[in-house]
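Observations on the model geometry
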Amino acid sequence: MLAAQLHAPHDLRLVDKPRPTPGPGEVLLRIEANTMCGTDYRLYTGAKTAGVRPGVVPGHEIAGRIEELGEGAEAIVPGIEAGRQATVSIVVSCGYCRNCLDDREHLCLNLELFGYGIDGGLQEYMIVPERALRRGNLFMTDSELDPRALCLAEPISCCLNGLDQFRVEAGETVAILGAGPIGLIHAQLALASGARHVFVSNRGGERRKVADRLGAIGVGPDKLADRVAQATEGAGADVVIVCIGTEELAQDALVLAREGGRVSYFAGFPKGSTSQMEPNLIHYKELQVTGGSNARRRDVKRAIRLLEAGKINVEEIVTHTFPLSRVEDAYQALHDRVGVKIAVVP
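All values derive from a computational prediction rather than experimental measurement.

Looking at the sheet that holds strand β14 (residues 257–265)
Within the open sheet, the 6 strands sit side by side as β12-β11-β10-β13-β14-β15. Their pairing is parallel. In this open sheet, the two edge strands, each paired with only one partner strand, are β12 (217–219) and β15 (288–291). Within the sheet, the average angular offset between the axes of one strand and its neighbour, ignoring direction, is 20°. Where strand β11 (residues 197–201) and β12 come together, 3 bridges link them in parallel fashion. Residue phenylalanine 199 lies in a different strand from β12, and its bridge partner there is isoleucine 217. Where helix α6 (residues 153–166) meets the sheet, it contacts β13 (237–242), β14 and β15, and its direction lies at approximately 160° from that of β15.

Some points on unusual backbone geometry
A positive phi angle, close to 65°, is found at histidine 10, a residue other than glycine. When you line up the elements, histidine 10 lands in the loop between β1 (2–8) and β2 (11–16). Of note, the phi angle at arginine 167 is positive, near 55°, even though the residue is not glycine. Structurally, arginine 167 is set in the loop between α6 and β10 (173–177).

Describing the nonpolar core
Formed by 46 residues in total, the largest nonpolar core has its most connected members in Val174 and Val198. Contributing elements (two or more residues each) for this core: α5 (147–151), α6, β10, α7 (181–192), β11, α8 (205–213), β13 and α12 (297–308). Of the residues that make up this core, three or more belong to each of domain 1 (2–146 + 314–344) and domain 2 (159–291). Excluding its chain neighbours within four sequence positions, the residues that come into contact with valine 174 are Val168, Ala190, Ala195, His197, Val198, Phe199, Val239 and Ile241. The next biggest cluster of nonpolar side chains, apart from the first, holds 42 residues, and it includes Tyr44, Val77, Val88 and Met140.

Re the UniProt feature "domain: Enoyl reductase (ER)" (unreviewed entry) in the chain
If you check UniProt for "domain: Enoyl reductase (ER)" (unreviewed entry), the listed places come out as residues 7–344 in our numbering. The span residues 7–344 is 32% helix and 25% strand, and its two end C-alpha atoms sit 19 Å from each other.

Points about the domain arrangement of the chain
Under the domain assignment, the chain is made up of domain 1 (2–146 + 314–344) and domain 2 (159–291). Computed from C-alpha coordinates alone, the two centres of domain 1 and domain 2 are separated by 29 Å. Contact residues are listed per partner, giving 8 residues for domain 1 and 11 residues for domain 2. Taken over both partners, the interface formed by domain 1 and domain 2 buries close to 820 Å², and the fraction arising from carbon and sulfur atoms is 56%. Residue glutamate 316 is joined to arginine 213 by a salt bridge in which the shortest nitrogen-to-oxygen separation is 2.8 Å. When the residues that make up the side of domain 1 that touches domain 2 are grouped by side-chain class, the tally is 2 nonpolar, 2 polar and 4 charged.

Quick word on the environment of isoleucine 176
For isoleucine 176, the position within the fold is in strand β10. Sequence spacing of isoleucine 176 and threonine 321 is 145 residues, and the spatial spacing of their C-alpha atoms is 26 Å. Sequence-distant contacts of isoleucine 176, defined by excluding residues within four places in its chain, comprise Gly183, His186, Ala187, Val198, Phe199, Val200, Ser201, Ile241 and Cys243.

Details of the pairing of β14
Note on strand geometry: in a regular strand, side chains alternate between the two faces of the sheet. Alignment of β13 against β14, held across 5 bridges, turns out to be parallel. In the sheet register, valine 242 faces β14, and the bridge partner there is tyrosine 265. One crossover worth recording links β13 to the parallel β14 by way of helix α10 (residues 249–256), and it is right-handed. In the sheet, β14 pairs with β15 via 4 bridges, with the strands oriented parallel. Bridging from a neighbouring strand, arginine 262 pairs with glutamine 288 of β15. Between β14 and its parallel partner β15, the chain crosses via helix α11 (residues 279–285), and the hand of that crossover is right-handed.

Things to note about the pattern of salt bridges
Per the stated rule, a full pass over the model turns up 27 salt bridges. Salt-bridge contacts for arginine 104 lead to aspartate 102; the nearest nitrogen and oxygen are separated by 3.9 Å. Using a relative accessible area of 47% as the deciding quantity, one classes aspartate 102 as partly exposed. A salt bridge links glutamate 105 to arginine 297, with the shortest nitrogen-to-oxygen separation between them at 2.7 Å. A residue pair is termed long-range when its members are at least 10 positions apart, and glutamate 105 in the loop between α3 (98–101) and β7 (112–113) and arginine 297 in helix α12 qualify at 192 residues. Exposure remark for arginine 297: the relative accessible area of 22% places this residue in the partly exposed category. In the salt-bridge network here, residues are joined through shared partners; they are Arg19, Arg30, Glu32, Arg65, Glu67, Glu68 and Glu144.

Some words on the side chain of arginine 207
Relative to the elements of secondary structure, arginine 207 occurs in helix α8. Apart from the residues lying within four places of it in its own chain, the contact partners of arginine 207 are Ala179, Gly180, Pro181, Leu184, Asn202, Arg337, Gly339 and Val340.

Re α8
Every buried residue of α8 is listed here: Arg207, Val210 and Ala211. The arc that holds the buried residues of α8, viewed along the axis, is 100°, so those residues lie on one side. Exposed residues pointing more than 90 degrees away from the buried face of α8 are listed as Glu206 and Arg213. Along its buried surface, α8 packs onto α7, β11 and β12. Immediately downstream of α8, the backbone of glycine 215 shows phi near 100°, a positive value.

Definitions and cut-offs
Residues numbered from 1 in each chain as written. Predicted model: local features only at pLDDT ≥ 70, side-chain atom pairs only at ≥ 80, totals over all residues. Heavy atoms only, no water. Pairing = 2+ DSSP bridges. Helix = DSSP H or I, 4+ residues; strand = E, 2+ residues; numbered from the N terminus. Axes fitted to C-alpha atoms, helices over the stretch in contact; angles between N-to-C directions. Contact = heavy atoms within 4.5 Å. Core = buried A, V, L, I, M, F, W, Y, C linked by side-chain atoms within 4.5 Å. Buried < 20%, exposed > 50% of the residue type's maximum accessible area, 1.4 Å probe, protein only. Domains from an automatic or database assignment. UniProt positions renumbered as here; feature names shortened; annotations may be inferred. Buried area = accessible area lost by both parts, 1.4 Å probe. Salt bridge = Lys/Arg side-chain N within 4 Å of Asp/Glu carboxyl O. Nonpolar A, V, L, I, M, F, W, Y, C, P; charged D, E, K, R; others polar. Right-handed = clockwise from strand over helix to strand, strands pointing away. Arc of directions from axis to C-beta.

Listed below in structure tokens is the structure:
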């Protein structure tokens, strides 16, 4: 079978290797699609190295189908059967560290990640190891989804984890900094939560048009503050979500927020980066500032249900598809920000 292997930064190899056979308690997935995100490119360049195993098969936004069950898999997951469409929650947690015991399994101190340490979805077949199966990381769909849609369960689950922290109430104004896939997913979730105005800022006009088609309001960064002020009679946004890891946006978000507002630094910033900001804005405005990293297993289940209910417009998010044989072209398209989101299919 074909598989992409990341041996070192900028050393991605497309190789032929034997199709794996599931051992006891394991499941073999036939990969149907794998979408890519900015983190994939950071792994490729070496900007992100924590937990990355040399030679790993990247890809963590996975849609597959159960091809074969290892001995005893049925005892671990009752009702599991070959032919079912499935995905994984990428965080394989230990279940016993302080974060797991505090319901923060996505911040597990001993976590393993698909596409980092465990081989991910940029291959034709993928093993779900027994430890992941026992932790409940495999999820089967109740109804058939376009594989490109099922891939989005991972980024949607991360957005749901963030949304649980800052909330969006009916009638509120939300400002989203960045119209990449994450920003556009957050826009749809905010609208579904009843937000009155959802502004999505982006330098590129095409992605602002996507935001408009989704029911949000696409706006250039230079116009965002004025548009929010007009919509709120000068009060500011109830919620500001930073979806681009650019340091100066940390301050911009605090300025945009109204008194008593919520700010989410949802994007990952470059390791070691710092930002100048006015702490008095947090103090005098009484702002709540949160982050967002990964997702729990239950968030993945919620994301699948949203997709099955048709609550997320997948066609506007996943815009370009590459075969696995052209995986390097897919990485280049990711770097060049072609369309909105890239899918790789075997």
